[in-house]
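# Structure assessment
The primary structure of each chain is shown beneath.
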Amino acid sequence: MKRLLVLAAAATAMFAAHAQAPAFPGSKPISLVVPFAAGGPTDRVARDLAEAMRKAMGGSANFVVENVNGAGGTIGAAKVARATPDGHTLLVHHIGMAAAPALYRKLPYKVLEDFEFLGMINEVPMTIIGKPQLPANNYRDFENYIRANSGKLNIAHAGLGSASHLCGLMWQAAINAKEAMTTIPFGGTAPAMNALVGGQVDMMCDQTTNTTGQIEAGRVKAFAVTTAKPLSNNKLLKDYPTLQEMGLKGFDLTIWHGLYAPRGTPPAVLTQLNNALKIALKDPDFIKKQEGLGAIVVTDKRVEPAAHKAFVSAEINKIKPVVEAAGKFAD
Ligand code: ASP
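### Section: the site of the ligand
The environment of the ligand is formed by Phe36, Gly40, Pro41, Thr42, His94, Ala158, Ser162, Ala163, Ser164, Gly188, Thr189 and Gln207. Contact distances for the ligand include 2.7 Å between a nitrogen atom and a side-chain N or O atom of Thr42. Between the ligand and Ser164, the relevant distance is 2.5 Å, taken from an oxygen atom to a side-chain nitrogen or oxygen of the residue. Isolated, the ligand exposes 270 Å² of accessible area, and the fraction of that covered by the protein chains is 100%. Placement of the ligand is best described as lying within the largest cavity.

### Comments concerning unusual backbone geometry
Look at the link from Phe24 to Pro25: it is a cis peptide, with omega at 0°. Tracing the backbone through its elements, the reader meets Pro25 in the loop between helix 1 (2-20) and strand 1 (30-34). Residues other than glycine seldom take positive phi values, yet Ala71 does so here, at roughly 50°.

### Describing the layout of surface pockets
Considering only enclosed or pocket space, the largest pocket measures out at about 500 Å³ in volume. Along the wall of the largest pocket there are 22 residues; nearest its centre are Leu231, Asn233, Asn234, Gly294 and Ile296. Contributing elements (two or more residues each) for the lining of the largest pocket: strand 4 (115-130), helix 8 (208-216) and helix 10 (284-292). Counting residues per element, the lining of the largest pocket draws most heavily on strand 4, which supplies three residues. A class-by-class count of the residues in the lining of the largest pocket yields eight nonpolar, eight polar and six charged. Computed from the structure, the second largest pocket encloses a volume of approximately 240 Å³. For the lining of the second largest pocket, the elements supplying multiple residues, two or more each, are helix 6 (163-174), strand 9 (254-262) and helix 11 (305-326). Examining the composition of the lining of the second largest pocket, we find that five residues originate from one element, helix 11, more than from any other.

### Comments concerning the packing of aromatic side chains
Tallying each qualifying case throughout the model produces seven aromatic pairs. The interplanar angle of 70° and the centroid separation of 6.0 Å between the aromatic rings of Phe115 and Tyr260 together place this pair among those described as edge-to-face. Note that Phe115 is positioned in strand 4 and Tyr260 in strand 9, a separation of 145 residues in sequence. Comparing Phe115 with Tyr260, the two get one shared label, buried. Pairing Phe142 with Trp171 gives two aromatic rings, centres 5.8 Å apart and planes at 20°, and the pair type is stacked. Residue Phe142 is located in helix 5 (residues 139-148), and its partner Trp171 is located in helix 6; the two are separated by 29 residues in the primary sequence.

### Regarding the packing of helix 2 (residues 41-56) against helix 10
Orientation of helix 2 relative to helix 10, taken along the N-to-C sense of each, is 170°, at an axis distance of 9 Å. The orientation of helix 2 relative to helix 10 falls into the category roughly antiparallel. Within the contact between the two elements, helix 2 uses Arg44, Val45, Asp48, Leu49, Ala52 and Lys55 and helix 10 uses Asp285, Phe286, Lys289 and Gln290.

### Notes on helix 6
The periodicity of an α-helix, 3.6 residues per turn, causes residues three or four places apart in sequence to face the same way. Its twelve residues give helix 6 an end-to-end C-alpha distance of 16 Å, which sits within 8% of 16 Å, the value for a rise of 1.5 Å per residue. The element helix 6 is largely enclosed, with a buried count of ten among its twelve residues. Where helix 6 is concerned, the buried positions are Ala163, Ser164, His165, Leu166, Cys167, Gly168, Leu169, Met170, Trp171 and Gln172. At the C-terminal side of helix 6, Asn176 shows a positive phi close to 55°.

### What about helix 7 (residues 189-197)?
Every buried residue of helix 7 is accounted for by Thr189, Ala190, Ala192, Met193, Ala195 and Leu196. Those residues of helix 7 that are buried lie in contact with helix 2, strand 4, strand 5 (153-157), helix 6, strand 7 (203-207) and helix 8. Gly199 sits one or two residues past helix 7 and shows a positive phi near 80°.

### What about the pairing of strand 4?
Counting buried positions over the 16 residues of strand 4 gives 14, a clear majority of the element. The pairing of strand 4 with strand 9 spans nine bridges and is antiparallel. For Gly119, the partnering residue across the bridge sits in strand 9 and is Leu259. Relative to strand 10 (residues 296-297), strand 4 is paired through two bridges, and the arrangement is antiparallel. Counterpart to Asn122 in the pairing with strand 10 is Val297. As paired elements, strand 4 and strand 7 share five bridges and run antiparallel to each other. Directly across from Met126, in strand 7, lies its bridge partner Gln207. Note: strand 4 against strand 8 (residues 221-225), four bridges, orientation antiparallel.

Analysis parameters
Each residue is numbered by its place in its chain's sequence as written, counting from 1. In view of the model being predicted, local features appear only for residues whose pLDDT reaches at least 70, and side-chain atom pairs are presented and counted only at 80 or more, with totals across whole chains, interfaces and linings using the full set of residues. For side-chain calculations, the full set of non-hydrogen atoms in the structure is used, while hydrogens and water are omitted. We define proximity as follows: a residue is near a molecule or strand when any one of its heavy atoms falls within 4 Å of that partner. Distance and chemistry together define a polar contact, namely a pair of N or O atoms within 3.5 Å, with one atom able to donate a hydrogen and the other to accept it when in protein, and with adjacent residues in sequence counting only for side-chain atoms on both sides. Working definition of accessibility: Shrake-Rupley area with a 1.4 Å probe, residue cover restricted to the visible protein chains. The distinction between a cavity and a pocket rests on a 1 Å grid over the protein atoms alone: a 1.4 Å probe fits inside a cavity but cannot get out, while a pocket stays open yet meets protein on both sides within 12 Å along at least five of seven lines, and a residue with an atom within 4 Å of a point counts as lining. Cavities and pockets are treated as containing a molecule whenever more than half of the molecule's atoms lie within 2 Å of their grid points. A run of H or I in DSSP becomes a helix once it reaches four residues, and a run of E becomes a strand once it reaches two; helices and strands are each numbered from the N terminus. Grid points are joined across faces, edges and corners, and a volume is the space filled by probe spheres set on the points. The residue classification treats Ala, Val, Leu, Ile, Met, Phe, Trp, Tyr, Cys and Pro as nonpolar and Asp, Glu, Lys and Arg as charged. All others, Gly included, are polar. Paired rings are identified among Phe, Tyr and Trp, the last through its six-membered ring, by centres lying within 6.5 Å, and are further divided according to the angle between planes into stacked (under 30 degrees), edge-to-face (over 60) and tilted (the rest). Under the scheme applied here, a residue whose accessible area is under 20% of the maximum for its type counts as buried, over 50% as exposed, and between as partly exposed, the area being computed with a 1.4 Å probe on protein chains only. The axes are straight lines fitted to the C-alpha atoms, using for helices just the contacting stretch, and the angles between their N-to-C directions are given from 0 to 180°. The labels follow the angle: roughly parallel below 35 degrees, roughly antiparallel above 145, roughly perpendicular from 65 to 115, and oblique for the rest. Contact criterion: two residues are considered in contact whenever any of their non-hydrogen atoms come within 4.5 Å of each other. The span you would expect from a helix comes to 1.5 Å times its residue count less one. If DSSP finds at least two bridges between two strands, the strands pair.

Structural measurements only, silent on function.
Now the structure itself:
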């Protein structure tokens, strides 16, 4: 009888614990960690996404964006890898997730092992831009100017392994402009853009989500786009040449963003977040904002966790030889 009573008490306790398990997300906010500075391209995606996911979760979920910048996005990624896996700390990161293993001798996390993959978000082309004071007004003149001023110019980027760094590295390798420029790292391309607009740095390769407004306003000069095909659907950028058209054989760089949770996040929470992400990516406001800045929001298949993980794994293998080939231009 005593034994029965003990069992009954244990069952009641278990039931009570289960009944009390707070529903996700509850009132606790969901933090979207952006591993770059506020106001930049990844921050912009995350802020638009936060709003779309809030709506997708019925408007009650409370999202906050947290900028944890530094070391090309690896500090923010490490923070999320070590966060409590309860769905309340997520990471919005880009191609740097796949570039970091090739660029850092020691990473404080394992990309394919320490995260749950929630799905891809978007793809973003890049633009080669220069400070407004540059004498060049087209890509050819710009490249000639770089060569003529070898060793005197600088190129801004958002830290080792950032998209702008990767792009600058590939571009310098492609034009064989070794030692033409000094690289200047920033905590994101938002502060780098301020320096460019102010004329303190000479050039940068940055995502259209950050450059569109500046190009339109004439605060920076644009010279080329990094995609294999011209951006024919983009009102502003359709007339800029691709780097391939400018003779850089095979140059093709598009940035992508994805959403991650720390490894060990409960499957039910992951499913809920993945469902919300899928709904958010179909939100017409989100699509409109992203497309207005030259980004393309991905569709269903790529929002599957397995497809996302397979893509990042393939990107790690694809970027490694590119970085190795361009690596002699790194500093
Ligand atoms: N995504 C970075 C940022 O938001 C820029 C970069 O990677 O180049 O600042």
